[in-house]
Amino acid sequence: MEELLHLFEQWRGRPAANVTQLPLQGSNRRYYRMTDEDGKSVIGVIGTAIEENHAFIYLSSHFRMRQLPVPEVLAATGDERCYLQTDLGSLSLFDALKSGRDAGGRYTDSEKELLVKTIRALPDMQIRGARGLQWENCYPQPGFDIDGVLFDLNYFKYCFLKATGTDFHELKLEADFRLLAKDLTAETGESFLYRDFQARNVMLDAEGNPHFIDYQGGRKGPYYYDVASFLWQASANYPHKLRRELVYEYYHALKHYTEVPSKRHFVDRLALFVLFRTLQVLGAYGFRGYFERKKHFLDSIPFAVRNLRELLDEGNFSYPYLEVLLRQITELPQFQSATTSPGDGKGTLPVAHPMDGSATVSKYDNRGNLVVRIFSFSFHRGIPEDESGNGGGYVFDCRSTHNPGRYKPYQKLTGLDEPVIRFLEDDGEITAFLRHVYAIADTHVERYMERGFTDLMFSFGCTGGQHRSVYSAQHLALHLHERYGIEVRVVHREQGKSFTFAAKP
């Protein structure tokens, strides 16, 4: 974090006045909105995958040269671990379409117009954006090939198929996988495959014009892939008629950039990529949901299975064993409904278990969404005050753990700096301490969310409020935000720093 703050100061000529962490998505990159004292903001990025960062920085420069609607990379560290990019605002296409999704896919004319604008802009990115592009800069590979397809299909097999407990014949499935991979890579072309083209990666300006982000996984490949990725996004809930209209819009927009195949050929090829993209998505959801236990991805699986069910009913594929297996998956009991379940955070209270006894009820129930405030502090300067009037919540004493401040190399650093983080985690005392804290915090947060309470406070104290307490406060914030998606505000009182982890939509 210090490296990113230093980069901002170098670029802007003065320190950032405010830093707010943006909601975490599926990747390990961390995004921050960094604002100067004049209120001007940029997006700061910290990414541990340096080659992936390089791909984004290179592609952004290339696309900007082509005058495509992408963010400009304003500055980067020498190792490209951190970089700054222009702030395209907070309204994504996904956010703008929320009403239509919530209405079960009944999108308004204005929402449909946003979708048309976006899908018609895609060929510009794919075809014109590919001209002069040096593919060796793409990450993790320069092109769409059989090995990459088989990797994603095996990801589906091991992270989703096996996790559901479905029995299958390994050799028969592998044979159909290889046939599908060969068919998918049968046509080559000079186009940019965005790879993660979805509504969350489209930002809208004040006029509703689309701007594109998160294309660092792009490579040379067939344009069908991105159409499938966008229109068959699991949670989008696009009706069949709307999908068909948007495919038509894309097909005719594509004519302005390159020679197009016949409509029949285009539709048949697109169906193959819809099948592949659906399996790929199920593999990713399986890993994030079944193995990492992330609720958002678990909740999304039934929607992806519903897409698969519709595809199998409409398609005519030449992969007999795979088709039988996929139909078997769609008939599993856990995938028979994609409706909202009780206690999903959308206003439905959880159903009480008869063994729970009578519930405690108070005037504070059902007030709204929970906000957690977390402080680090020095005991020498007293425990932080609770401005909510609730009495201060939990206060944890970190002084029983090994103190990096006793050693000269760490004395000018804080618990946000990588050397201190490595020291504490290699030592292990602080991580053991936090395991117990997490267990207490999780129970409390879950109960407060159930009852609709709005405020909870945790405080971590140590000798100077610099190393152990800062590390603990920051990591509890990350833990709670990642697990529950709630708003978490962190204040490192003695360091004069604060961060806000915004609630996930």
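The coordinates are above.
The model shown is predicted, which means the values in this text are computed figures rather than measured ones. (Residues numbered from 1 in each chain as written. Predicted model: local features only at pLDDT ≥ 70, side-chain atom pairs only at ≥ 80, totals over all residues. Heavy atoms only, no water.)

**Description of the sheet that holds strand β4 (residues 73-76)**
And step 1. Strands sit in the order β1-β2-β3-β5-β4 across an open sheet of five strands; the sheet is antiparallel. The open sheet has two edge strands, β1 (18-21) and β4, and neither has a second partner. Each neighbouring strand pair of the sheet contributes to a mean axis angle of 25 degrees, computed without reference to strand direction.
And step 2. Strand direction decides the pairing type here: β4 and strand β5 (residues 82-86), joined by three bridges, are antiparallel. Each residue of the ladder has a partner; that of Ala76, found in β5, is Tyr83. (Pairing = 2+ DSSP bridges. Helix = DSSP H or I, 4+ residues; strand = E, 2+ residues; numbered from the N terminus. Axes fitted to C-alpha atoms, helices over the stretch in contact; angles between N-to-C directions.)

**Focus: the pairing of strand β13 (residues 487-492)**
Each regular strand carries side chains that alternate between the two faces of the sheet.
And step 1. Side chains of β13 alternate between two faces, with Val488, Val490 and His492 buried and Glu487, Arg489 and Val491 left unburied.
And step 2. For β13 and strand β14 (residues 497-501), the ladder comprises five bridges, and the chain directions are antiparallel. Within β14, the residue paired with Val488 across the bridge is Phe501.
And step 3. Linking two consecutive strands that pair antiparallel, namely β13 and β14, is a turn of four residues; a positive phi of about 65 degrees is found at Gly496 within it. (Buried < 20%, exposed > 50% of the residue type's maximum accessible area, 1.4 Å probe, protein only.)

**With respect to the packing of helix α5 (residues 109-128) against helix α8 (residues 224-231)**
And step 1. Viewed as axis vectors pointing N to C, α5 and α8 meet at an angle of 155 degrees, and their least axial separation amounts to 11 Å. One element, α5, and the other, α8, form an angle in the roughly antiparallel class. Judged by the sense of rotation from one axis to the other, the crossing of α5 with α8 is right-handed. Of the residues in α8, those touching α5 at Leu115, Thr118, Ile119, Leu122 and Gln126 are Asp226, Val227 and Phe230. (Parallel < 35°, antiparallel > 145°, perpendicular 65-115°, else oblique. Left-handed = near helix turned anticlockwise from the far one by under 90°. Contact = heavy atoms within 4.5 Å.)

**Some points on the side chain of His467**
And step 1. The residue His467 is located in the loop between β12 (455-462) and α15 (468-484) in this model.
And step 2. Residue classification places His467 among the buried positions, given a relative accessible area of 6%.
And step 3. Of the polar contacts made by the side chain of His467, one reaches the backbone oxygen of Tyr410; its length is 2.8 Å.
And step 4. Within the structure, His467 has its side chain in polar contact with the side chain of Gln466 (distance 3.5 Å).
And step 5. Setting aside its immediate chain neighbours within four residues, His467 contacts Asn403, Pro404, Gly405, Tyr410, Gln411, Leu413, Thr414, Gly415, Val420, Leu424 and Cys462. (Polar contact = N/O pair within 3.5 Å; in protein donor to acceptor, adjacent residues only side chain to side chain.)

**Some words on the environment of Asp214**
And step 1. Structurally, the position occupied by Asp214 is in the loop between β8 (210-212) and β9 (219-220).
And step 2. For the pair formed by Asp214 and Tyr31, sequence separation is 183 residues and the distance between their alpha carbons is 12 Å.
And step 3. Setting aside its immediate chain neighbours within four residues, Asp214 contacts Arg29, Tyr31, Phe56, Tyr194, Asp196 and Asn201.

**Some points on the side chain of Thr414**
And step 1. If you trace the backbone, Thr414 turns up in the loop between β11 (394-397) and α13 (418-427).
And step 2. What makes Thr414 buried here is its relative accessible area of 7%.
And step 3. When residues no more than four places from it in sequence are discounted, the contact partners of Thr414 are Glu2, Val420, Gln466, His467 and Gln495.

**Some points on the pattern of salt bridges**
And step 1. Within the structure shown, the criterion is met by 35 salt bridges.
And step 2. Note that Arg195 is salt-bridged to Asp152, the shortest N-O span being 3.5 Å. You can see Arg195 sitting in the loop between β6 (192-193) and β7 (202-204) and its partner Asp152 sitting in helix α6 (residues 146-161), a full 43 residues away along the chain.
And step 3. Between Arg373 and Asp455 there is a salt bridge, with the nearest N and O atoms lying 3.1 Å from each other. In this pair, Arg373 sits in strand β10 (residues 371-378) while Asp455 sits in strand β12, placing the two residues 82 residues apart along the sequence.
And step 4. Judged by relative accessible area, which is 11%, Arg373 ranks as buried. (Salt bridge = Lys/Arg side-chain N within 4 Å of Asp/Glu carboxyl O.)

**Quick look at the packing of aromatic side chains**
And step 1. Enumeration according to the criterion identifies 36 aromatic pairs in this entry.
And step 2. A centroid spacing of 5.6 Å and a plane angle of 45 degrees characterise the contact between Tyr107 and Tyr238, whose relative ring orientation is tilted. With a gap of 131 residues between them, Tyr107 in the loop between α4 (98-102) and α5 and Tyr238 in the loop between α8 and α9 (240-254) connect regions that are remote in the sequence. The pair Tyr107 / Tyr238 is uniform in exposure class, with both members buried.
And step 3. Geometrically, the ring pair formed by Tyr410 and Phe423 is tilted, given 5.0 Å between the ring centres and 55 degrees between the ring planes. One end of the pair, Tyr410, is in the loop between β11 and α13; the other, Phe423, is in helix α13, with 13 residues separating them in the sequence. Neither Tyr410 nor Phe423 differs from the other in exposure class; each is buried.
And step 4. Taken together, the aromatic side chains of Phe56, Phe63, Tyr83, Tyr107, Phe192, Tyr194, Phe197, Phe212, Tyr215, Phe230 and Tyr238 make up a single cluster linked through ring pairs.
And step 5. Note that Arg101 overlies the ring of Phe94, its terminal NZ or CZ placed 3.5 Å from the centroid.
And step 6. Positioned above the aromatic ring of Phe94, the side-chain terminus of Arg200 is 3.8 Å from the ring centre. (Phe/Tyr/Trp six-rings, centres within 6.5 Å; stacked < 30°, edge-to-face > 60°. Lys NZ or Arg CZ within 6 Å of the ring centre and 35° of its normal.)

**Overview of the sheet that holds β10**
And step 1. Across the sheet, five strands lie side by side as β11-β12-β10-β13-β14; this open sheet has mixed pairing. In this open sheet, the two edge strands, each paired with only one partner strand, are β11 and β14. Averaged over all pairs of adjacent strands, the angle between strand axes in this sheet comes to 15 degrees, irrespective of strand direction.
And step 2. In this sheet, β13 lies alongside β10 in parallel orientation, the contact comprising six bridges. Residue pairing for β13: Arg373 is matched across the bridge by Arg489.

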